[in-house]
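Fold and contact review
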Amino acid sequence: MQNRRQFIRQTAAFGLTAGLLPGVAALAPSVSAQTPAALPASDAPKQKPNIIVILADDYGWGSAGCYGASSKLKTPNLDRLASEGRRFTNAYAPSSVCSPTRFALMTGRYDWRTRGDGGGVIGAAAPLQIESDRLTLASLCKGQGYRTAAFGKWHLGDNYPYRPQDRGFHETIYHPGFGITSAPDYFGNDYFDDRYRHRERIEQFRGYCTDIWFEQAMDWMRRCRRSGDPFFAYIATNAPHGPLWVPNEYRQPYLGAVQYNEASFFGMIACIDDNMKRLDAFLRREGLHGDTILIFMTDNGTATGMNVFNAGMRGHKTSLYEGGHRVPFFLRWPQGGIGGGRDIEAVTRSTDLLPTLIDLCGLSVAD
């Protein structure tokens, strides 16, 4: 009987010739670790590729321009990522709330596979916790020469041994709980000039939360480039999760066209989109663009924008209907042959990400 990784390798290789794309593994030419010879010699990666995974919070499938979002909302930089890489048109989160998707992304397992460790209650405010002996994407990368870092929302445990620094990340700058202003968070945080957990300490950072996650991530990636280390950066924005606080410059363009809360929600998405532009410019400037696997996805369906545009789907966050768990998903890796603005129509889930990165990056896992 084939195990999961053997099946993914086989279907990826089959997709190269047959044009069938059964999931995230069958992305494009040269997606399998077993087919590096298909790359042009001049473009072949000289070491394991860098990995950036961006996970936005409560950002549904209908809130991205390239999926036909309302003309009231513009996401030009995410649209550009989709046009330069792969746009997944049937991507789904394993749950319609936050924590289970994060568990699935980090472990490659469905959330109901957790053996406990406080994870018996699944809900928006009751996080799953990754068991202390469970392999994670971060610990896998860390064990094979990658520098690893997490920025933003964790929501998989606030205390030892469940914090991100306990689960494989060298560097961590994050807020606890389900979001800023949740009970475990630093009292008085309001998205601006807040105090976050920097590894073992609480430190104040100047600026708006989304900007801080990206700025700190880029500063850390710059240091990795200078030291010559491949890296895995996990940027998990708390936006556009409520409370819907955003600099007015982002909210203002939408006022009058939609309700105030929706304008704030759209403004939070516009801020993420602007930071995607800054990140892309950084990667190109630092010579990291070609050999970095860049992934953008979200944790569940929309929490606010469904009344403006929901792509005809029923439901939203917390709902079992499609609007609750269908999500945007884009992936680009120029030197790995994953580019060209191609759609992937096969059903894809967050659980596919870890085993696929194992193959793309040539990581070693004991069967």
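Just so you know, these numbers come straight off a predicted model, no measurement behind them. (Residues numbered from 1 in each chain as written. Predicted model: local features only at pLDDT ≥ 70, side-chain atom pairs only at ≥ 80, totals over all residues. Heavy atoms only, no water.)

Comments concerning the packing of aromatic side chains
In this structure the tally under the stated criterion is 17 aromatic pairs. The interplanar angle of 15 degrees and the centroid separation of 4.2 Å between the aromatic rings of Phe88 and Phe329 together place this pair among those described as stacked. Placement of the pair is Phe88 in strand 2 (residues 86-88) and Phe329 in strand 10 (residues 329-332), with a sequence separation of 241 residues. Taken individually, Phe88 and Phe329 each receive the classification buried, so the pair is uniform in this respect. Summarising the aromatic geometry, the rings of Tyr191 and Trp245 are spaced 5.4 Å apart at their centres and angled 70 degrees between planes, so their arrangement reads as edge-to-face. Taken together, the residues span a long stretch of sequence, with Tyr191 in the loop between strand 5 (171-175) and strand 6 (195-198) and Trp245 in the loop between strand 8 (231-236) and helix 6 (248-251) at a distance of 54 residues. For Tyr191, a relative accessible area of 1% translates into the label buried. The partly exposed category is assigned to Trp245, whose relative accessible area is 36%. An aromatic cluster is defined as three or more aromatic residues linked by ring pairs; in this entry it consists of Tyr59, Trp61, Tyr67, Phe296 and Phe330. Over the face of the ring belonging to Tyr321 we find Arg314, whose NZ or CZ atom lies 3.9 Å from the ring centre. (Phe/Tyr/Trp six-rings, centres within 6.5 Å; stacked < 30°, edge-to-face > 60°. Helix = DSSP H or I, 4+ residues; strand = E, 2+ residues; numbered from the N terminus. Buried < 20%, exposed > 50% of the residue type's maximum accessible area, 1.4 Å probe, protein only. Lys NZ or Arg CZ within 6 Å of the ring centre and 35° of its normal.)

Observations concerning the packing of helix 5 (residues 209-227) against helix 7 (residues 260-285)
How two helices pack is summed up by the angle between their axes together with the distance between the axes. Between helix 5 and helix 7, whose axes approach to 10 Å, the crossing angle comes to 10 degrees. Judged by the angle between their axes, helix 5 and helix 7 are roughly parallel. On the side of helix 5, the interface is formed by Thr210, Asp211, Phe214, Met218, Met221 and Arg222, while helix 7 contributes Cys271, Ile272, Asn275, Met276, Arg278, Leu279, Phe282 and Arg285. Class assignment of the residues belonging to the contact of helix 5 with helix 7 gives a composition of eight nonpolar, two polar and four charged. (Axes fitted to C-alpha atoms, helices over the stretch in contact; angles between N-to-C directions. Parallel < 35°, antiparallel > 145°, perpendicular 65-115°, else oblique. Contact = heavy atoms within 4.5 Å. Nonpolar A, V, L, I, M, F, W, Y, C, P; charged D, E, K, R; others polar.)

A few points about the state of the cysteines
Note on terminology: a disulfide is the covalent bond linking the sulfur atoms of two cysteines. Per the stated rule, a full pass over the model turns up zero disulfides. Left unpaired, Cys141 is separated from the closest cysteine sulfur, that of Cys361, by 6.5 Å. In this structure Cys271 is a free cysteine whose sulfur lies 7.5 Å from that of Cys209, the closest cysteine sulfur available. (Disulfide = S-S within 2.5 Å.)

Remarks on the confidence of the model for the protein
For the protein, per-residue confidence averages 85 on the pLDDT scale, and residues scoring 70 or more make up 84% of the total. Contacts from residues 1-45, a stretch scored under 50 in pLDDT, to residues over four places away or in other chains number 84 contacts. Confidence over residues 116-125 falls short of pLDDT 50; this stretch has 21 contacts with residues more than four positions distant or in other chains. (pLDDT = per-residue confidence, 0-100.)

What about the sheet that holds strand 6?
In space, the 10 strands of this open sheet follow the order 7-6-5-4-8-1-9-10-2-11, with mixed pairing throughout. The open sheet has two edge strands, strand 7 (201-204) and strand 11 (342-344), and neither has a second partner. Neighbouring strand axes in the sheet, compared pairwise and without regard to direction, differ in orientation by 15 degrees on average. Where strand 4 (residues 147-153) and strand 8 come together, six bridges link them in parallel fashion. Across the sheet, Gly152 pairs through a bridge with Ala236, a residue of strand 8. Of the strands in this sheet, strand 2, strand 9 (292-298) and strand 10 touch helix 2 (residues 76-84), which is tilted by about 55 degrees from strand 10. (Pairing = 2+ DSSP bridges.)

A look at the pattern of salt bridges
A side chain of one charge can pair with a side chain of the opposite charge if their charged atoms are brought near each other. In total, this model carries 24 salt bridges according to the counting rule given. With a closest N to O distance of 2.7 Å, Glu84 and Arg332 form a salt bridge. Pair noted here: Glu84 is in helix 2 and Arg332 is in strand 10, with a separation of 248 residues, a long-range link. Owing to a relative accessible area of 2%, Arg332 belongs among the buried residues under this scheme. (Salt bridge = Lys/Arg side-chain N within 4 Å of Asp/Glu carboxyl O.)

Brief notes about the nonpolar core
Ile52, Ile54, Trp213, Met221, Leu279, Phe296 and Phe330 are the most contacted members of the largest nonpolar core, which has 55 residues in total. If you list the elements that add at least two residues to this core, you get strand 1 (50-56), helix 2, strand 4, helix 5, strand 8, helix 7 and strand 9. It is helix 7 that provides the largest number of residues to this core, a total of 12 residues. Other than its neighbours up to four places away in sequence, Leu279 contacts Ile52, Ile54, Phe214, Met218, Met221 and Leu294. Counting 40 residues, the second-largest nonpolar core is a separate cluster that includes Leu140, Cys141, Ala236 and Ile295. (Core = buried A, V, L, I, M, F, W, Y, C linked by side-chain atoms within 4.5 Å.)

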